Amino acid sequence: MLKTNCKNPMLELSKEFIQKDREDFTLEDVKTLQELIKYHSDLYYNKEQPIISDYEYDVLFEKLQVLEDKFQIQSKQSNQVWAEIWESTFLKVKHSRPMISLGNTYNAQDLWDFDERVKRNIWEDLLNRNYWEYQHDLTPKSVHEKLWEHKTWNKIEYILEFKFDGLWVELIYKNGELVQAITRWNGVEGEDVTVNAMQIDNIPKTIAYKNHLEVRGEVVMPISSFNNLNEQAKKTWGKIFSNPRNAASWSMRMKDAKITKQRNLKFFAYDLANFDDFRNAEEISEYYEVIKDLEKYNFEISSYFKKLSGIQEVIWAIENFWDVKKQIDFEIDGLVLKVNDISLWETIGWTQHHPRYAISYKFPAEILTTKINSVEHQVGRTGTITPVANLEPIIIGWVTVRRATLHNYEEVENLWVHIWDSVFIKRAWEVIPKIISVVETIRNNNAEKITPPKLCPSCKTPVIKDGEKVRFFCPNTLDCPAQHSEKLVFAVGKQWFNIDGFWVRQVELFLELWIIKNLVDIFTIENKKEDILALEGFKEKSVNNLISGVQKAKSVEISTFLTALAIAGVGKKTAKTLWKLFHSKESLLEFPYDVEDLVALDDIWPEIAQNMIDYFSNDAHKIILEQLDAILEIKYFEKLEISSQLQANPYFWKKMCITGSFVWDDGNKISRDDLVKKLESVWWEFTGSVSKNTDFLLAGEKAGSKLKKAQELNISIINLQDFLNQVD
């Protein structure tokens, strides 16, 4: 690697020309640009030592083409762009069905793997239903040959469509009238943005379909509108948006709906919350037909909407997609692939987070070069120290990137990366900035090696290497300010105590001013009301809301409480396994268990067991736990009314699956989430699919393949009334 005390003039000039607006190029600049292209082509093709990324080379090359041909120049986004975070104040509304995300693929092999998983799920379902039971002498090979002949096994029919990069929105229609619009927000509940949705021209306000309908899709801002919006903002010192998605999201959440109307937003439909109701009413069986039917009812859908036979056709379509992407006037961050035959969806199934019958293909990450100006050593809630690089700001895919994690110090060694190095950085899958390599041909003589700190950056405790692992950590779990702050931020977050109004800013500020020191202080925050009101920016209403949020969070299940303690290795699933050990205050404060007791439980490893022992044997932790028990209403195992009668119930601690739709006597629908909560409240275990290990199936109207599979496996089937009789 070449070391030099001066900057590489060709690299610096390349950076300047990448940023320079085409309108500012002179004839002399064009000649220089031609020399730059020759220089970089030689490095890339002949010497195989590029100092800029492929993307940056393409930018320079495309500029040269345009300038040489004297094409009209389009507006270029400013380097000053930055997005602000909007704190939602809209009314929250629960979704009838959770708005879950899709899994991701990034290359052809990922797509082949997805196709294989789809086929395997179909295969297993056929075998479980004894599809070939009439041929008992079939070998695995002959079974495979039979399945290959089956129409669903040979070539799955897929639909390929845009993956819009905007704001998820659900539109609810009753008697053909738009009555409500809800954002995705956290997927379980959303923000009511009905008034704003009414301002979007291509959202139908009335439709010919008169049954209840819940249409899901994406609100986007056209790129042309986005550019015009930012150009106008520059002239008037208004808000500059970093990308069309942020602009669409902000515009959709404006309290003044007149502004929303001015923003030229568009809505594209691609899903239904009540999918089965609609397709049964319309008598259609394909996803393709469902979405095309929505188009018939005047919903705008993806203009790229292809029906393809087999995964190879999908891959070919993606490989030939890039010309399409250049022609569209809105941002997409990939394509969505779905199995077309809806009858197979339940067979293929879901995970907790996404469906298995659909997946997104994310476009390759954009890669740029920049420089590492410094490195911070960040301390996490479990004490792990992570090196984070501070970069010369660059714009990747509409986003200004200033920092990138180096993950751990082994990664630093593998990359051989130093402070002041020029590095290739990608915004991985258009989300997470990541340093992927160092520019191999140049290094400044002043470059500084990046090494683990000997002392914790926060509390100055000597740093320890975690055995053979790559982890370096601060062992001061009690008094390290950084760990303490991270733990409190974690505890008050949405997944745990979910204290509305207690954000990262509040935790850090209150810790700094000694308004809070631990979780106990958070739950007695009303005692510090006057101190908080004395701070700049805190008004009576916001402080009262904060106190109210704390009060609401005081009733908590023991599993949530355990997770919020931030014990290393104890996440949501592990806490669900451990919670039955905590049947009273005494079991929490005295913790009468040893490592052998804990590892006897499912999925509890010795390391996690030891972490539990260490935590509960610590005197300082015992004091905090005792104070929290006195303040909070912790729902222990006993308090959940696990009586001897309940434990004698044949359903107690049994695995139950749910299929079909359910309604109350008044006709209102019962959500799947409500049924699962009832199920878990009496110590049944919910499972998402039917297998030989399933004990019961709760079957409602329009039950599908799960019912058939349960019947074939001789699994007990109960109806809603039987279920309610047991839980109420």
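Source: prediction; values computed, not measured.

This paragraph deals with the overall build of the protein chain. Tallying secondary structure elements over the protein chain gives 31 helices and 30 strands in all. Across the 728 residues of the protein chain, 48% fall into the buried class. Expressed as a percentage of contacts within the protein chain between residues at least 6 apart in sequence, the contacts between residues at least 24 apart total 67%.

Following the sequence through the fold, Gln199 ends up in the loop between helix 7 (194–197) and strand 8 (213–220). On the basis of relative accessibility, which here comes to 19%, the residue Gln199 falls in the buried class. Only 2.9 Å separates the side chain of Gln199 from the backbone oxygen of Val195, close enough to count as a polar contact. Residues in contact with Gln199, not counting those within four places in the same chain, are Ala257, Thr260 and Lys261.

Before going further, it helps to spend a moment on the packing of helix 26 (residues 606–617) against helix 27 (residues 619–631). Packing of helix 26 against helix 27 brings their axes to within 5 Å, and their N-to-C directions diverge by 75 degrees. The angle between the axes of helix 26 and helix 27 places the two elements in the roughly perpendicular class. Residue-level inspection shows Tyr615, Phe616 and Ser617 of helix 26 in contact with helix 27, the latter providing Asp619, His621, Lys622 and Leu625. Split by residue class, the contact of helix 26 with helix 27 holds three nonpolar, two polar and two charged.

Now for the packing of helix 17 (residues 481–491) against helix 18 (residues 504–512). At a closest axis distance of 9 Å, the pairing of helix 17 and helix 18 adopts a crossing angle of 140 degrees. One finds that helix 17 runs oblique with respect to helix 18. Here helix 17 runs over helix 18; the crossing is right-handed. Contact residues: helix 17 offers His484, Ser485, Leu488 and Val489, while helix 18 offers Val504, Val507, Glu508 and Leu511.

Turning next to the nonpolar core. In terms of nonpolar packing, the biggest core is built from 74 residues, with Leu171, Val215 and Phe299 touching the most fellow members. In this view, Leu171 contacts Leu178, Gln180, Ala181, Ala197, Ile203, Leu213, Glu214, Val215, Phe267 and Phe299; residues no more than four positions away in its chain are not counted. Counting 58 residues, the second-largest nonpolar core is a separate cluster that includes Leu488, Val507, Phe538 and Ile613.

Turning our attention to the sheet that holds strand 30 (residues 716–718). Reading across the sheet, the four strands line up as 28-25-29-30 and stay open at both edges, with parallel pairing between neighbours. Each end of this open sheet is capped by a strand with a single partner; those strands are strand 28 (685–686) and strand 30.

Mapped onto the elements of the fold, Leu679 is located in helix 29 (residues 672–681). Along the sequence, Leu679 and Leu724 sit 45 residues apart, while their C-alpha atoms lie 9.4 Å from each other. The residues contacting Leu679, other than those within four sequence positions of it, are Met656, Ile658, Trp684, Glu685, Phe686 and Phe723.

With that settled, the discussion passes to the confidence of the model for the protein chain. On average, residues of the protein chain carry a pLDDT of 80, and 84% of them reach 70 or more. Residue range residues 1–6 is modelled with pLDDT below 50. Its contacts to residues more than four positions away, or to other chains, number 17 contacts.

Further remarks concern the sheet that holds strand 3 (residues 103–105). The five strands are arranged 3-12-11-4-10 in an open sheet whose pairing can be described as mixed. With one partner strand each, in any of the chains shown, strand 3 and strand 10 (305–309) form the two edges of the open sheet. The average angle at which neighbouring strand axes cross in this sheet is 30 degrees, direction not considered. Judged from the seven bridges that link them, strand 4 (residues 157–164) and strand 11 (residues 332–339) form a sheet pairing that is antiparallel. Paired with Phe164 across the two strands is Ile332, which belongs to strand 11. With respect to the sheet, helix 12 (residues 287–296) is in contact with strand 4, strand 10 and strand 11, its orientation differing from that of strand 10 by roughly 165 degrees. Of the strands in this sheet, strand 4, strand 10, strand 11 and strand 12 (358–362) touch helix 13 (residues 311–319), which is tilted by about 30 degrees from strand 4.

Attention now goes to helix 26. Helix length check: helix 26 (12 residues) gives 16 Å between terminal C-alpha atoms against 16 Å at 1.5 Å per residue, within 8%. Among all positions of helix 26, only Ile608, Ala609, Met612, Ile613, Tyr615 and Phe616 are buried. Summarising the axial view, the buried residues of helix 26 lie within an arc of 165 degrees, below the 170-degree limit, and thus occupy one face.

So, about the packing of aromatic side chains. Aromatic rings considered in pairs are described by the distance between their centres and by the relative angle of their planes. Here the structure, examined in full by the defined rule, presents 31 aromatic pairs. With a centroid separation of 5.7 Å and an interplanar angle of 65 degrees, the aromatic rings of Tyr209 and Tyr297 are classed as edge-to-face. Note that Tyr209 is positioned in the loop between helix 7 and strand 8 and Tyr297 in the loop between helix 12 and strand 10, a separation of 88 residues in sequence. Relative accessible area serves as the criterion here: at 5%, Tyr209 is assigned to the buried category. Residue Tyr297 is classed as buried on the basis of its relative accessible area of 12%. Taking the centre distance of 5.7 Å and the plane angle of 25 degrees together, the rings of Phe582 and Phe591 count as stacked. Among the residues examined, Phe591 registers a relative accessible area of 7% and is labelled buried. Feature note: the residues Phe162, Phe164, Phe268, Tyr270, Tyr304, Phe321 and Phe330 constitute an aromatic cluster, connected by ring pairs. It is Lys307 that lies over the ring of Tyr288; its NZ or CZ is 4.5 Å from the centre.

Attention now moves to helix 30 (residues 705–712). For the α-helix, the turn length of 3.6 residues means that residues three or four positions removed from each other point alike. Among the residues of helix 30, those classed as buried are Ser705, Lys706, Lys709 and Ala710. Each buried residue of helix 30 sits inside an arc of 140 degrees when the element is viewed along its axis, so together they form one side. Positioned one or two residues after helix 30, Asn714 has a phi angle of 60 degrees, which is positive.

This part is about the pattern of salt bridges. One pass over the structure, following the stated rule, counts 18 salt bridges. With a shortest N-O distance of 3.1 Å, Glu191 and Arg253 are connected by a salt bridge. Taken together, the residues Glu191 in strand 7 (residues 189–191) and Arg253 in the loop between helix 9 (244–252) and helix 10 (257–262) connect sequence positions 62 residues apart. Across the pair, exposure class does not vary: Glu191 and Arg253 are buried alike.

How each quantity is defined
- Counting of residues starts from 1 at the beginning of each chain's written sequence and follows it residue by residue.
- Note on the predicted model: pLDDT of at least 70 is required for a residue's local features to be given, and 80 or more for side-chain atom pairs to be given and counted; whole-chain, interface and lining totals, by contrast, use all residues.
- Just so you know, side-chain values use all the structure's heavy atoms and leave hydrogens and water out.
- Helix numbering and strand numbering both begin at the N terminus, where a helix is a DSSP run of H or I of at least 4 residues and a strand a DSSP run of E of at least 2.
- Accessibility here uses a 1.4 Å probe with only protein chains present; expressed as a share of the type maximum, an area under 20% marks a residue as buried, one over 50% as exposed, and anything in between as partly exposed.
- Here, residues are in contact when the closest pair of their heavy atoms is within 4.5 Å.
- Contacts described as polar in this section are N or O atom pairs within 3.5 Å, which, within protein, must combine one atom able to donate a hydrogen with one able to accept it, while residues neighboring in sequence count only if both atoms come from side chains.
- As a rule, the C-alpha atoms of each element are fitted with a line to give its axis, helices using only the stretch in contact, and angles between N-to-C directions run from 0 to 180 degrees.
- Each angle is binned into one of four classes, with values under 35 degrees roughly parallel, values over 145 roughly antiparallel, values of 65 to 115 roughly perpendicular, and all other values oblique.
- Residues are grouped as follows: Ala, Val, Leu, Ile, Met, Phe, Trp, Tyr, Cys and Pro are nonpolar; Asp, Glu, Lys and Arg are charged; all remaining types, including Gly, are polar.
- Crossing handedness is defined as follows: a turn of the near helix away from the far one that is anticlockwise and smaller than a right angle gives a left-handed crossing, while the clockwise case is right-handed.
- To define a nonpolar core, start from buried Ala, Val, Leu, Ile, Met, Phe, Trp, Tyr and Cys residues and group those joined through side-chain atoms within 4.5 Å.
- Each pair of strands is called paired provided DSSP finds at least two bridges between the two strands.
- Within a predicted model, pLDDT stands for the predictor's per-residue confidence, ranging from 0 to 100.
- Any helix carries an expected span of 1.5 Å times its number of residues minus one.
- Working note: the arc is built from the helix axis to C-beta atom directions.
- Classification of ring pairs uses Phe, Tyr and Trp, with its six-membered ring standing for Trp, and accepts pairs whose centres are within 6.5 Å; under 30 degrees between planes counts as stacked, over 60 as edge-to-face, and the remaining range as tilted.
- In this scheme, Lys NZ or Arg CZ marks a charge over a ring once it lies within 6 Å of the ring centre and within 35 degrees of the ring normal.
- Salt bridges, as used here, are contacts in which a Lys or Arg side-chain nitrogen is within 4 Å of a carboxyl oxygen on Asp or Glu.

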